[in-house]
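So you can see what is in the structure, the chains are spelled out below.
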Amino acid sequence: MRSRVLSADLASFADPAAVFAQLMATHGVDAESSGAKGAVWLDSGVTASKGRSYLAVSARAVLSTELDEPVFDWMRREFVPANIDFSDSPVGFRLGWVGWLGYELRGESMDVAIRSHASTPNAAWLWIDRMIVCDHQSRALSVVALGDDWTGELQQWRDQMETLVARAALGVSHPKPCHALKGPVGPKTPVAVWRDSDEQYLEMIAQCQQSIFEGDAYQLCLTTSARVEPAGDPVATYLALRSANPSHHGGFVQVGQTVLLSSSPEQFLSIDTTGVIETKPIKGTRRRDCDPDEDDRLRVELLASEKERAENLMIVDLMRNDLGRVCEVGSVVVSQLFALESYATVHQLVSTVVGRLRDDVSAVDAIAALFPAGSMTGAPKHSATRILESLEVSPRGVYSGVFGYVGLDGAVDLAMVIRSIVMDDRGSTIGAGGGITALSVPADELAEVKLKAAAMLAVLGVHPR
């Protein structure tokens, strides 16, 4: 009998935040006798009125540090659409792999030497064969699992999830903390230490512009990072982050004792089961303002900015070129240019490029062809990454990479790791950056970096002085 992706509605509904807290407390990595290697929450956001969110724990994790072959070779072998009956499951994520690819994996995708390697794995994937699904439009919860029918151990798990959701709906708290990374003893008040001082970042901007004037690049996505100690509770931190900075591609991905907390607004790529591929690069940022008139002025200013439009167009051209390497001739089009999307703390310029994969190209081939995203490198990509590596004094790690799912049915949805926190037992790291062009005003670029990091720092208890 061919395996199926089973789906069953749950009788109760509870807020996904309450469900996830219960799930982590009773079945997460630190729960007694759970056997979990990781946990995921692919989150459509606290304000979502459509779409779906996915919550799960996983007993199987695969890290790049444990592989004896290139990551993309392993992915090409493992991430093959399965001969499974999907008729009982809704569209979207239908089980499969969830994880991240770190920025330094560009060594494989671009065939270049990496000068300095990150402390986090270049890739981390969790096998998800059962999960809770929240349909935000119908406000309903269901369980999805890989199997033949709801009998035996699968029926027991389904009953456990029914009970767990009922407890969450009643607001019943678990007596133990959801999760706590135990770091070294440090100050009670969290402190952020930036990798680069303001003066150093401004000097790097000047060097970027010099490279642009010399014709070595058109645009460079220059980044820095802040480290915050001590370590905190990832679940509580993520709940605060999704409230402070809601996003349609939010996510919590824990692999072992490393946790990615993301409020990313940017989709790296999606691929549907028919081979249609889409990427939505973001370039162009303005802050939000509580005064509606000033907020509108900032929106208009962003839409009219010659510098921001040029920056966005450069990346659109780069992504068109990347898609052209894997798509049918003539299928790559820009379906939306310079659209404005507004989030809790920023306005953004977003463009959309779509195409159709060639028959001889797999989803993993497409991911490798586009990775890393042009919005996090600059253009041209090879020259930009070489210049940036000479300026940035440490690897980016998970930041600037991508996270999301590759499903058993071949569907893919990956988001950029931006507006994110990476936690481990030592503390938290936040990456931030922006595109530098010949028209960039250095002081404005520095302010943009601080703006992009502000929401993440705030939920960690670090506020501007």
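The rules behind these values
- Residues numbered from 1 in each chain as written.
- Predicted model: local features only at pLDDT ≥ 70, side-chain atom pairs only at ≥ 80, totals over all residues.
- Heavy atoms only, no water.
- Helix = DSSP H or I, 4+ residues; strand = E, 2+ residues; numbered from the N terminus.
- Rg over C-alpha atoms; globule rule 2.2 N^0.38 Å.
- Buried < 20%, exposed > 50% of the residue type's maximum accessible area, 1.4 Å probe, protein only.
- Contact = heavy atoms within 4.5 Å.
- Areas by Shrake-Rupley, 256 points an atom, 1.4 Å probe, with all protein chains shown as cover.
- Lys, Arg positive; Asp, Glu negative; His and termini not counted.
- Charge placed at Lys NZ, Arg CZ, Asp CG, Glu CD.
- Pairing = 2+ DSSP bridges.
- UniProt positions renumbered as here; feature names shortened; annotations may be inferred.
- Polar contact = N/O pair within 3.5 Å; in protein donor to acceptor, adjacent residues only side chain to side chain.
- Phe/Tyr/Trp six-rings, centres within 6.5 Å; stacked < 30°, edge-to-face > 60°.
- Lys NZ or Arg CZ within 6 Å of the ring centre and 35° of its normal.
- Core = buried A, V, L, I, M, F, W, Y, C linked by side-chain atoms within 4.5 Å.
- Patch = residues over 30% accessible without salt bridge, like charges linked within 9 Å, V, L, I, M, F, W, Y side chains within 5 Å.
- Salt bridge = Lys/Arg side-chain N within 4 Å of Asp/Glu carboxyl O.

The name given to the protein in an unreviewed UniProt entry is Anthranilate synthase component 1, and the organism recorded there is Rhodoglobus vestalii.

Right, let's get into the overall build of the protein. Assigned secondary structure in the protein consists of 11 helices and 22 strands. Since a compact globule built from 465 residues should have a radius of gyration of about 23 Å, the 22 Å found for the protein is in line with a globular shape. Seen through its C-alpha atoms, the protein measures out along the principal axes to roughly 70 × 55 × 50 Å. Taken over 465 residues, the protein has a buried fraction of 56%. Taking contacts inside the protein between residues at least 6 apart in sequence as the whole, the part at least 24 apart equals 76%. When the accessible surface of the protein is totalled, it reaches about 19,000 Å², and 51% of it is carbon and sulfur. With 42 positive and 59 negative side-chain charges, the protein shows a separation of 2 Å between the mean positions of the two kinds.

Glancing now at the pairing of strand β8 (residues 140-147). Where burial is concerned, most of β8 is hidden: six out of the eight residues are buried. Note: strand β1 (residues 4-9) against β8, six bridges, orientation antiparallel. Bridged to A8 within β8 is V143. The antiparallel pairing of strand β7 (residues 130-135) with β8 creates a hairpin that spans four residues between the two strands, and R139 there sits at a positive phi of about 50°.

Mapped onto the present numbering, the UniProt feature "domain: Chorismate-utilising enzyme C-terminal" (unreviewed entry) falls on residues 198-452. Secondary structure content for residues 198-452 is 35% helix and 35% strand, while the C-alpha to C-alpha distance between its ends is 15 Å.

A separate point is the pairing of strand β12 (residues 258-264). The element β12 is extensively covered by neighbouring structure, given that seven of its seven residues are classed as buried. Side chains T258, L260, S262 and S264 of β12 all project onto a buried face; the interleaved residues V259, L261 and S263 project onto the opposite face, where all are buried too. Here seven bridges tie strand β11 (residues 249-255) to β12, and the two strands are oriented antiparallel to one another. Looking across to β12, one finds that Q254 is bridged to V259. Where β11 folds back onto β12 in an antiparallel hairpin, the turn is made up of two residues, including G256, whose phi is positive at roughly 65°. As defined by bridge partners, β12 adjoins strand β21 (residues 420-424) across four bridges and the pair is classed as antiparallel. What sits directly across from L261, in β21, is I421.

Here we come to the environment of D196. With respect to the helices, strands and loops of the structure, D196 is situated in the loop between β9 (191-194) and α5 (198-213). Relative accessible area serves as the criterion here: at 7%, D196 is assigned to the buried category. The spacing of D196 and T224 is 28 residues in sequence and 6.6 Å in space, taken between C-alpha atoms. Here R195 takes part through its side chain, which lies 2.9 Å from a polar atom of the side chain of D196.

Another aspect to go through is unusual backbone geometry. Here the residue pair F371 and P372 is connected by a cis peptide bond, since its omega of -5° sits within 30 degrees of zero. Its place among the elements puts P372 in the loop between α9 (363-370) and β18 (378-379). Cis geometry marks the peptide bond from A379 to P380, where omega comes out at -10°. Along the chain, P380 falls in the loop between β18 and α10 (381-391). In this structure, L95 takes a positive phi of about 75° despite not being glycine. Tracing the backbone through its elements, the reader meets L95 in the loop between α2 (71-78) and β5 (96-101). Its identity is not glycine, yet R139 carries a phi of approximately 50°, on the positive side. Residue position: R139 is located in the loop between β7 and β8.

Considering all chains together, one arrives at 14 aromatic pairs under this definition. Relative to F79, the ring of W74 has its centre 5.4 Å away and its plane inclined at 70°; by these criteria the two rings are edge-to-face. With respect to class, W74 is no different from F79; both count as buried. Within the aromatic cluster, the residues linked to one another by ring pairs are W74, F79, W97, W125 and W127. Positioned over the ring face of W157 is R130, at 5.4 Å from the centre of the ring. Cation over ring: R396 sits above Y103, and NZ or CZ is 4.3 Å from the ring centre.

A few words now on the nonpolar core. Within the largest apolar cluster, 57 residues are counted, with the highest numbers of intra-cluster contacts made by V19 and F252. Once residues within four sequence positions are removed from consideration, V19 is found in contact with A14, L55, I132, L141, L164, V165 and A168. Counting 44 residues, the second-largest nonpolar core is a separate cluster that includes V361, V364, A373 and I418.

Taken together, the side chains of L313, V334 and L337 define a hydrophobic patch exposed on the protein surface, amounting to about 220 Å² of accessible area. Mapped onto the elements, L337 comes out in strand β16 (residues 333-342).

Let us look at the pattern of salt bridges. Under the counting rule described, the total for this entry stands at 30 salt bridges. Ionic pairing is found between R195 and D196, a salt bridge with its closest N-O pair at 2.9 Å. As a salt-bridge pair, D424 and R426 come within 2.7 Å of each other at their nearest N and O atoms. Accessibility expressed as a relative area gives 11% for D424, which makes it buried. The exposure class of R426 is partly exposed, given its relative accessible area of 42%. Here the salt bridges do not stand alone but share partners, grouping R286, R287, D289, E294, R297, E301, K307, E308, E311 and E445 into one network.

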